[in-house]
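# An overview of the molecular structure
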Amino acid sequence: MTTTLALAARLRALRDDALISSLHRRSIRRAGVSDFFDLAEALLDAESVQRALVGLDRTRLAVLIALGRAEAPLTAEAIAAQLAAEPATAGLTVPAVESAVEALGGLLLAQPAASEGTDDDDQEAGPRGFTGYDAVYARLTAWPEADLPSPDDLLHTAPPPALAPVPDTERRFTDRLAADRAFDAVVAVSELLAELSREGARELQRGGLALPAVKRIAEALAVDASVVPTALSVASRAGLAAVEDSVWLAAEPAAEWLHASTPERWRALVAAWLDALPDDLRALVAARSRASWGDSLREHVAWLYPAAPEQAQQRVDAHLRDAEWLGVTASGAPSSAGTELVEDGPEAAATLLTPAFPAQVRGVYLQHDLTVISPGPLAPDLEARLRGMADLESRALASTFRFSPATLDRAITAGESAASIRDFLAGISLTGLPQPLDYLITDVTERHGRVRVRTVDEGDARSAIHSADTTLLRTIQVDQSLSSLRLTPAHADELHSRFPRDVVFWALSDARYPVVAENDDGVPVALRRQRYAHPHPVASRDQDRELVERLRAVDEAATDDTGEQWLARQLEQAVRARQTVIVEVAMPDGRTVDYLLEPTGVGGGRLRGRDRAADIERTLPLSSVKGVRPA
């Protein structure tokens with residue numbers, strides 16, 4: 001077993017990046033840590049050890065038990081041989097043990113036996129022994145006092161049995177249901193991004209969306225409000241939506257995603273879901289790629305994390321919820337595409353699911369009531385442009401869009417013209433261009449630009465609205481929906497606002513006035529409302545890095561006195577722990593002699609201890625002691 005003395009020496013020898021990385025994964029008290037001995041004591045404090053143990057799976061806990069019970073360092077082969085016969089770790093392989101001890105070493109809960117006082121990265125090749133810490137095993141043996149399983153219970157409790165594969169008859173039903181859900185998920189994320197592009201959604205300080213935003217997005221997606229967080233989670237994980245200044249917006253990759261085919265969109269969503277799975281959960285779903293996940297998986301996770309089963313199940317539930325919504329599973333069972341996803345990856349899964357998606361169409365029906373009916377999912381490039389000049393009324397396999405003066409005015413503002421609109425609609429229409437729609441295009445085009453907005457710098461005014469139609473201008477001035485612009489008359493044909501041109505322009509556009517923005521030369525310009533999220537990284541203090549830098553600074557400023565103090569601290573720790581150590585002593589003739597001592601006291605510049613080899617008491621000057629290492 002290994003004590004604080006060995007851990008202190010190890011901490012001192014570790015490279016900064018490795019040490020900081022380990023501290024990031026541990027919860028310790030930093031107050032009063034002035035050297036590596038203090039840090040070692042903080043890491044082996046019972047409360048700190050307990051917090052680290054709670055998050056470990058049963059395999060890593062079993063490895064710690066094996067190391068704790070061993071009287072000498074164990075190799076990975078020896079650990080595997082011991083644990084392979086236990087019900088909880090039956091068939092445990094050497095690579096699995098090596099992975100476990102590497103993770104435990106990174107958490108500073110175990111260490112290579114040969115690393116005492118040396119850098120872990122400098123170990124010689126070949127089989128290595130591993131050892132645990134007294135404090136870690138002591139904490140494990142005390143678990144029953146906290147109603148947690150004892151070491152014997154951890155080793156002797158076998159995992160729940162795996163379920164049989166999903167029958168082919170059920171799989172056909174599962175595949176149909178999963179394909180419908182996959183298509184609905186792609187549609188929902190598409191609508192979510194469109195809504196976030198039109199108007200962002202405010203995030204509350206405590207997390208989650210503000211209720212008005214949830215209701216607005218749920219209405220746009222035609223789903224229950226409870227689905228909105230799931231859709232936002234899926235979009236965010238895929239990098240399609242992000243928070244900027246406490247507002248959720250579409251991210252730049254959303255533009256490319258929206259122009260991809262339905263299978264490609266789904267592939268991107270499930271690839272992000274798979275990438276986000278923790279390693280342990282990914283291994284579990286891969287092992288159950290053809291059997292039910294649901295309750296079986298939750299039961300296994302509760303067994304796998306015996307110290308925190310509820311937290312582990314909650315973590316699983318979040319991923320399973322998204323898997324169900326994306327069509328990876330249906331009613332808790334993996335679909336054929338879901339099986340392909342965890343076995344062969346997103347590309348193979350998307351290829352398998354492609355035939356189940358409805359075929360895209362490139363033709364629509366233009367109706368005399370100014371509606372557009374798409375008989376199937378419209379090709380992404382056509383849909384993107386159509387949505388620029390018509391509003392979506394209903395989304396399904398057959399979607400409905402509607403033209404209005406406001407939508408056509410919006411299209412012209414964005415750069416379309418009467419000719420380009422007519423050419424586009426003629427190219428996709430299966431029923432020609434209805435006369436009412438043709439009249440509406442002409443009327444909106446003629447009216448467009450009756451109101452113009454430009455930038456000015458006159459007193460408090462930052463923008464000006466002018467129009468030859470003074471009646472229309474007076475209507476704008478008294479419009480209550482525009483009261484926030486603080487419009488004031490400047491001339492008979494002009495109003496001023498203290499807000500910038502773009503703000504005034506979009507306010508008038510939302511109020512459905514035929515507005516055009518102008519540059520400084522009076523030339524109309526097309527404004528783009530699309531705003532992508534560009535989250536600003538928040539710089540935060542790295543307390544662990546600051547701690548390591550402080551300890552290194554003290555260490556690098558070491559003098560002969562501080563070097564002697566380091567030896568004294570090592571020896572004092574050995575005295576407290578009643579630990580036998582090997583003390584390297586420089587003799588008067590230039591030789592260095594190793595004494596196997598059990599230190600009994602340090603003081604007055606001298607070390608007192610019992611020589612275990614000679615069975616006598618020795619008193620040595622600290623100035624002659626050149627090194628200390630655990631026996």
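Fair warning: this is a prediction, and the values are worked out from it, not measured in the lab. (Residues numbered from 1 in each chain as written. Predicted model: local features only at pLDDT ≥ 70, side-chain atom pairs only at ≥ 80, totals over all residues. Heavy atoms only, no water.)

### Some words on the overall build of the protein
Each helix and strand in the protein was counted, giving 27 helices and 23 strands. The globule rule puts the C-alpha radius of gyration for 631 residues at 25 Å, and the 35 Å found for the protein is more than 25% above it. Dimensions of the protein, computed from the C-alpha atoms along their principal axes, are close to 110 × 75 × 40 Å. Per-residue burial over the protein gives 48% buried out of 631 residues. Taking the contacts inside the protein whose residues are at least 6 apart along the sequence as the reference set, 62% of them involve residues at least 24 apart. Of the roughly 30000 Å² of accessible surface on the protein, 50% is carried by carbon and sulfur atoms. Between the averaged position of the 66 positive side-chain charges in the protein and that of its 93 negative side-chain charges there is a distance of 3 Å. (Helix = DSSP H or I, 4+ residues; strand = E, 2+ residues; numbered from the N terminus. Rg over C-alpha atoms; globule rule 2.2 N^0.38 Å. Buried < 20%, exposed > 50% of the residue type's maximum accessible area, 1.4 Å probe, protein only. Contact = heavy atoms within 4.5 Å. Areas by Shrake-Rupley, 256 points an atom, 1.4 Å probe, with all protein chains shown as cover. Lys, Arg positive; Asp, Glu negative; His and termini not counted. Charge placed at Lys NZ, Arg CZ, Asp CG, Glu CD.)

### Overview of the packing of aromatic side chains
Scanning all chains against the criterion turns up three aromatic pairs. Considering the side-chain rings of phenylalanine 183 and phenylalanine 357, the 6.5 Å spacing of their centres and the 45 degrees angle between planes classify their relative orientation as tilted. Of this pair, phenylalanine 183 sits in helix H10 (residues 168–198) while phenylalanine 357 sits in the loop between helix H19 (346–353) and strand S9 (365–366); the two residues are 174 residues apart in sequence, bridging distant segments of the chain. Overall, the relative accessible area of 10% leaves phenylalanine 183 in the buried class. (Phe/Tyr/Trp six-rings, centres within 6.5 Å; stacked < 30°, edge-to-face > 60°.)

### So, the nonpolar core
Counting residues in hydrophobic clusters, the biggest one holds 71 residues, and the most contacted among them are Leu11, Leu23, Leu39, Leu53, Leu64, Ile79 and Leu109. Per-element accounting of this core gives the leading share, seven residues, to helix H5 (residues 58–69). Residue assignment places this core across two domains, with domain 1 (4–114 + 128–156) and domain 5 (556–630) each supplying three or more. One finds Phe183, Val186, Ala188 and Leu304 within the second-largest nonpolar core, a separate group that totals 59 residues. (Core = buried A, V, L, I, M, F, W, Y, C linked by side-chain atoms within 4.5 Å. Domains from an automatic or database assignment.)

### Structural notes on the sheet that holds strand S19 (residues 581–586)
The strand order S22-S21-S20-S19-S23 describes an open sheet built from five strands, whose pairing is antiparallel. Each of the sheet's edge strands pairs with one partner strand only, and the pair in question is strand S22 (616–621) and strand S23 (625–630). Each neighbouring strand pair of the sheet contributes to a mean axis angle of 45 degrees, computed without reference to strand direction. As defined by bridge partners, S19 adjoins S23 across five bridges and the pair is classed as antiparallel. Considered in S23, the bridge of isoleucine 582 is made with arginine 629. (Pairing = 2+ DSSP bridges. Axes fitted to C-alpha atoms, helices over the stretch in contact; angles between N-to-C directions.)

### Re the pairing of S19
Pairing of S19 with strand S20 (residues 592–603), which is carried by six bridges, proceeds in the antiparallel orientation. Bridge pairing in S20 links valine 583 to tyrosine 595. Hairpin connection of S19 to S20: five residues between the antiparallel strands, including glycine 590 at a positive phi of 95 degrees.

### Side note on the side chain of glutamate 598
By the secondary structure assignment, glutamate 598 is in strand S20. Setting aside anything within four residues of it in sequence, one finds glutamate 598 in contact with Gln579, Thr580, Gly609, Arg610 and Arg612.

### Points about the packing of helix H18 (residues 336–344) against H19
Where H18 meets H19, the closest approach of the two axes is 7 Å, and the angle between their N-to-C directions is 160 degrees. Our classification of the angle between H18 and H19 gives roughly antiparallel. Classified by chirality, the crossing of H19 by H18 is right-handed. In this structure, H18 uses Ser336, Ala337, Glu340, Leu341 and Asp344 to contact H19, whose residues at the interface are Pro346, Ala348, Ala349, Leu352 and Leu353. (Parallel < 35°, antiparallel > 145°, perpendicular 65-115°, else oblique. Left-handed = near helix turned anticlockwise from the far one by under 90°.)

### Some remarks on the domain arrangement of the protein
Split by domain assignment, the protein resolves into domain 1 (4–114 + 128–156), domain 2 (168–356), domain 3 (365–441), domain 4 (451–525) and domain 5 (556–630). Relative placement of domain 2 and domain 4: their C-alpha centres are 44 Å apart.

### Considering the sheet that holds strand S14 (residues 461–466)
The six strands lie next to each other as S15-S16-S14-S13-S17-S18, forming an open sheet whose pairing is mixed. The open sheet is flanked by strand S15 (488–491) and strand S18 (524–525), the only strands paired with a single partner.

### With respect to the UniProt feature "domain: Helicase XPB/Ssl2 N-terminal" (unreviewed entry) in the protein
Under the UniProt annotation, the feature "domain: Helicase XPB/Ssl2 N-terminal" (unreviewed entry) is placed at residues 365–487. The span residues 365–487 shows a helical share of 41% and a strand share of 23%, and its end C-alpha atoms are spaced 43 Å apart. (UniProt positions renumbered as here; feature names shortened; annotations may be inferred.)

### Overview of unusual backbone geometry
One non-glycine residue with positive phi stands out, namely leucine 108, at about 60 degrees. Of note, leucine 108 is situated in the loop between helix H7 (94–106) and strand S2 (110–112). Here aspartate 615, not a glycine, exhibits a phi torsion of approximately 55 degrees, which is positive. Counting through the fold element by element, aspartate 615 comes out in the loop between strand S21 (606–611) and S22.

### Some remarks on the environment of tryptophan 273
Assignment of secondary structure puts tryptophan 273 in helix H14 (residues 262–276). Of the residues examined, tryptophan 273 reaches a relative accessible area of 0% and is grouped as buried. In sequence terms tryptophan 273 and phenylalanine 505 are 232 residues apart; their C-alpha atoms lie 40 Å from each other. Each residue touching tryptophan 273, except ones within four places of it in the same chain, is listed here: Arg237, Trp293, His319, Asp322, Ala323, Leu326, Val328 and Leu341.

### Some details on the environment of leucine 249
Among the structural elements, leucine 249 can be located in strand S6 (residues 247–250). Linking leucine 249 and arginine 198, residues 51 residues apart in sequence, is a C-alpha distance of 9.0 Å.

### Here's the deal with the side chain of serine 420
Take serine 420: it is sitting in helix H22 (residues 418–428). For serine 420, the side chain forms a polar contact with the side chain of glutamate 416, separated by 2.6 Å. A polar side-chain atom of serine 420 sits 2.8 Å from the main-chain amide nitrogen of serine 417. (Polar contact = N/O pair within 3.5 Å; in protein donor to acceptor, adjacent residues only side chain to side chain.)

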